[in-house]
Structures are given as C-alpha cells and as structure tokens.
Amino acid sequence: MQNNSPYQPQNPSQARPARPRMPQSRPQARPAGPRISQPRPAGPQKAQPRPGQALPPRTDSRRPPAPPRPRSQGPKRQTLPRAPRGQGLAYQALKFDRLSFWAFLLPLVIMGILFIFWPTEEMSLAEQRTLAQRPAFSWSDFYQGEFNAGVDAYYADQFPFREQLLNLNRSMKAMLTFTPGGEDQVHLISAQKDGGGQGGLEHPLESKAPQATGEKTPEPEVTAPTQPAGPKANREIKETAVQLNNQARLDLETSNIVIIKGQAMEIHYYSPEYTAYYAQRINHLRKVLPEKRRVISLVAPTAVAFYGTDELRSGNYSNFEAITNIYKHEDPDIFKVDAYSELAAHLDEYIYFRTDHHWNGRGAYYAYKAFCKALDLEAPDLADYKLTRPEGTFLGSLYGYTDKSPLLLGSEDQAEIFQPLHEGDYTYYTDASMAEGYPGTFLAYQVYNENQYMLYLGGDVALGHIKSSLTNGKSIVVIKDSFGNAFIPYLVDQYEDIYVIDPRQFTDDLLAFIEAKDIQDVLVLNYTFAVSNPQWLDGFDHMTGYVEPEAASEEGQ
C-alpha cells in the first residue's frame, strides 16, 4: 500500500522504523442517571476566589505558611489620614509664604493710606523738639539730595501713631529697668546731663529735706559767723564736706533725682560747711555796702523739702537744716525771708512743677508774701491778681534729665500767670553800662517752645531792668538764680525800679552799679542748690570782690 502522506519520506531506505503503538483504552461510556461527584484527595486545598473578589497573594508552596501573629493588647496604632492630592508639604509651604507676604504688605498699605490723611504735628511733647515738616520741592534741592533728605525726615517725624509707639517703647524700657518702689512709688534715677546753666539743673550734687508740718518755723537764732582759723583749717573743712557728700552719694546708691507718684524732684544734699561759706559771702556784701542799703537774704527750698520721703527730708538731705544754718551764720542786720514756712502752709496747692526743678507762679507768690512780711510790707492777696494759663502743657527740665522717663508722661505741667496790679516795662542788657538794651516781656502769656518757665522774664540774662508804673521812687536789685524769675514780677507792686542780675553772666562791678543807680534794697535770692554751685559762687565773688579766707591767707604769704 502506497503512502501518499507529505510527511512520509519518499525514499523507503530513509524511513524510520515504526514506533510500536501502545494500546489505548477507550473511555467507557458514562452510565445514565444522576451525576455523582467523586471525593477529592486529602491535602491543602486552594481557596477559589469568588466572582469579583481579588486573588490572594501567591505563596511559595515549598515554605510552610507563617503562623498568625497574636494581636497587641495596647492601644491601636493610629495612622494619619493621607493628605488629599494637592495639599501636601509643598502646598502648606506655599500657603505659609502667601500669609507671610500679606502680613508684611497689609500694614504697609494701611500705614501708607493713613499717612495721607494723618494730621501733621509741629511739636513732639515727649521728645521736646520741633518735628520736620513737608519739604518744598525745588530742582536745585532735588539734584543736591536735600529734598530727598527732607522727605526722609518728614516721613520719620510724621509717621502715624509715632508718639504712641515711642511712649510704648519707653514704657517697656522702664519695665525692664529696676527701680525701688513701694506704696509711695519711689524711683531713683541718675541725671543724664551736667548741672549748671539756664533751663537745667543748677547744681550737680545730691541732697534731702525735712517734714513740713504747716506750722510757722521759729526765727533761727542769729550768731556771729564762724571764721576759719587759717588755710589749714579751711582745707580740712572742705575735705570733710567732700567726704560727707561722698557718703551721701553712697547712701542713695546711684541717683540725684527721685520720682515719687509722678513728680520728679532733685535730691538735695546739706553740707554745714558749704552753707557757712555761702553765709560769709552775704555777710561780705552787707559789710561793703553803706548802712542805708538794706540787704535781704531769701533761700528757696526745693520740692523735695515737702513732697519727698522721710529720708529725703531729714539729716544730710534736709532743706530746712540748710536754710536754718545759712540764716544762723548771717549777720543780724541782714533781713531773712522765711519762705519755707509760707510754702509749707500751702502744700495742698499746686506750688511746684512736677517735671521741672522750679517752683511755679503760685509758689513764687507765697515766697513774695514772706518777703513782704520780712520787710513789713503789705502784699496783695492772691485773689487780687488776674490769673491766666497759657495753652497746652509742657514737660520741664527734670523730664530731660531723667532721659525722658515714661514715669513723667502723665504729669505734664502748666504754668500759671498772676498779673500784678501795676504794669511793667522790661528791658535787658549785656553789661552794667546799659548802653544798648533789648525789649523783653517780664510776664508772657504764651511761649513758643517746650519750656513754659520761660514765660517768667523770658529766661536768665546778665542784667535786666523793669520800670514799674508805680511811682514811689523805691528801687531794688535782685541777685538771683533762675528761681528768681517767677518771683521778680510781683515786685512791680512794691518798687518803681527793679534791677535783675545773674552772677553767672554779669561780669561788672556790682558795688559800683548799686551806687550809680542809687539802689536802696539788695535781695539775694537762690534755691538751696546754689549754695554750692561753683559757677554762681565764682560770679558772685568776682562782682562783689569777695575773697575766701584761705585764698587771702595764701596771697598774704
């Protein structure tokens, strides 16, 4: 039989031998009837997934499955929810950047809008200076850079809420600075400037004062002045005074200004030796003047004499002891004005400035009343004067000397002007020749700077003259420090001619001037610090010819 298969070789010699065929068993026919499932052999069976169920993970059939881990008995571990898409770390960083940008930009925009409508201020009460104003544009200033500098100064001075921010800054500094306190709210502060000069502290030393009772102080006993026993004794006295002063500084630890309940006061130091030296100078003036000239001595107490703590009104800090010792060493024929007792009887009134080291117009009036009592003159009642108060308030010399302490910002002062019953024409000069005079106002009603004490005589000058409308032929010369400025206007109701001399600026012969003008009364008026103020004492010695006993003895040798 011929094989026609294409897979069968045609060459019979190349044909492979036929593989023996194994007998195959045919499947038997399934019997009719219901189908019976056969049981599966024993062993691990794979679970078949249900429709729609995920396949289980594949496991290595050669490794037995790990036993199930026991469940932990502790708190369940909480997993943070996954941030939605687009709100991850990058999104949070971007959100923070946007918030920072608007937090920086919005205040600038608000301040820029406020600056347009913010009212322009001319004066800063807290800084005591004139503020920069809007500069006028000019091409020359623009090219030279002056216009830009003016704009910078204007923006810096007129910034909205600038005054409030400065006050907040000072308040925070005050909170960080330790100051002793208590029920009396006492703060000791070191002065920031040197004393001596117009409009400031007139003495750099510290000091203290006694309790004011309101009772009349008895007339101090007058004895002959104590004269030093020679140059050696004089040096020992001065060395002792210096030691006492140093001890006083140690006792008060640091300061020469005290703030009590919002009122600033100089701390006065009392030295018996210095007060005796001062009295000797007044005695010298009495000795070189003719007997027909009356010499009057008025030593004004400071505010700490009445409003200080018990410590600051006693011992080596006593204004009362200082004044008493001066009057004790002055000659009996010198008229002594007890201004201390008169002021002590009016402590419930506004007689001293709270931020300035001077008394005010009301306090000066009570000293003037004591002056009239000492000379047996009749002083008008305070109600007889017309009272005027200038507009606005001011912060005085002590505010500046405490480095603009925020403790004084609620204690602004206001001057009081009591118009005398007679008019006065005031002229000031540079020397005793009185060849060229300059018109002045002995009582002003408005001052155009930060210090309202300038309302009284306009400040300190070498020589001034007030011609009163009173025509009684009486004349007086007042040798004074700045405390005399508020006192002198009241004299126009007693004298026709009032001459005013400040030894710190007057360099001529005082005795010759008194004789040339035929002046009848000579008043020396200072507050307790002038007792040891070298500038005032040197000027007084120069114009009166006084020589200290020590210097006179050394010149004789």
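Summarised in this report is the structure supplied together with it. Predicted, not measured: the structure shown is a model, and the values here were computed from it.

### A few points about the overall build of the chain
When helices and strands are tallied, the chain shows 15 helices and 15 strands. Out of the 557 residues belonging to the chain, those deemed buried represent 42%. Pairs at least 24 residues apart make up 78% of the contacts formed inside the chain by residues separated by at least 6 positions.

### Remarks on the pairing of strand E6 (residues 294-300)
Looking along a regular strand, one sees the side chains alternate between the two faces of the sheet. Burial of E6 is extensive: six of the seven residues sit out of reach of the surface. Across seven bridges, the pairing between E6 and strand E15 (residues 521-527) is parallel. Counterpart to Ile-296 in the pairing with E15 is Leu-523. Pairing of E6 with strand E7 (residues 335-337) involves three bridges; the strand directions are parallel. Across the sheet, the residue bridging to Ile-296 is Phe-335, located in E7.

### Considering the nonpolar core
Ranked by internal contacts, the top residues of the largest apolar core, which has 95 residues, are Trp-359, Phe-371 and Phe-487. Looking at this core element by element, the count peaks at eight residues for helix H10 (residues 361-374). Here Phe-487 is in contact with Leu-298, Trp-359, Ala-364, Ala-367, Tyr-368, Phe-371, Leu-523 and Leu-525, once residues within four sequence places are set aside. Judged by nonpolar contacts, the second largest core, of 10 residues, contains Leu-398, Tyr-399, Leu-408 and Leu-409.

### Brief notes about the pattern of salt bridges
For the structure shown, the criterion picks out 18 salt bridges. Residue Glu-515 is joined to Arg-293 by a salt bridge in which the shortest nitrogen-to-oxygen separation is 3.1 Å. Here Glu-515 is found in helix H13 (residues 510-517), whereas its partner Arg-293 is found in the loop between helix H6 (272-288) and E6, with 222 residues between them in sequence. With a shortest N-O distance of 2.9 Å, Asp-502 and Arg-504 are connected by a salt bridge. A single burial state applies to Asp-502 and to Arg-504, both of which are buried. Each of Glu-349, Arg-362, Arg-389 and Glu-416 takes part in a single network of salt bridges with overlapping partners.

### Digging into the sheet that holds strand E13 (residues 475-480)
The strands that make up a sheet pair up through hydrogen bonds in the backbone, lying either parallel or antiparallel. One open sheet holds the eight strands; their spatial order is E7-E6-E15-E13-E14-E12-E10-E11, and the pairing between them is mixed. On the outer flanks of this sheet lie E7 and strand E11 (437-440), each paired with one strand and no other. On average, each strand axis in the sheet is inclined to that of its neighbour by 20 degrees, with strand direction left out of account. In terms of strand pairing, E13 meets strand E14 (residues 497-501) through five bridges, oriented parallel. Paired with Val-477 across the bridge in E14 is Tyr-499.

About the cut-offs
Residues numbered from 1 in each chain as written. Predicted model: local features only at pLDDT ≥ 70, side-chain atom pairs only at ≥ 80, totals over all residues. Heavy atoms only, no water. Helix = DSSP H or I, 4+ residues; strand = E, 2+ residues; numbered from the N terminus. Buried < 20%, exposed > 50% of the residue type's maximum accessible area, 1.4 Å probe, protein only. Contact = heavy atoms within 4.5 Å. Pairing = 2+ DSSP bridges. Core = buried A, V, L, I, M, F, W, Y, C linked by side-chain atoms within 4.5 Å. Salt bridge = Lys/Arg side-chain N within 4 Å of Asp/Glu carboxyl O. Axes fitted to C-alpha atoms, helices over the stretch in contact; angles between N-to-C directions.

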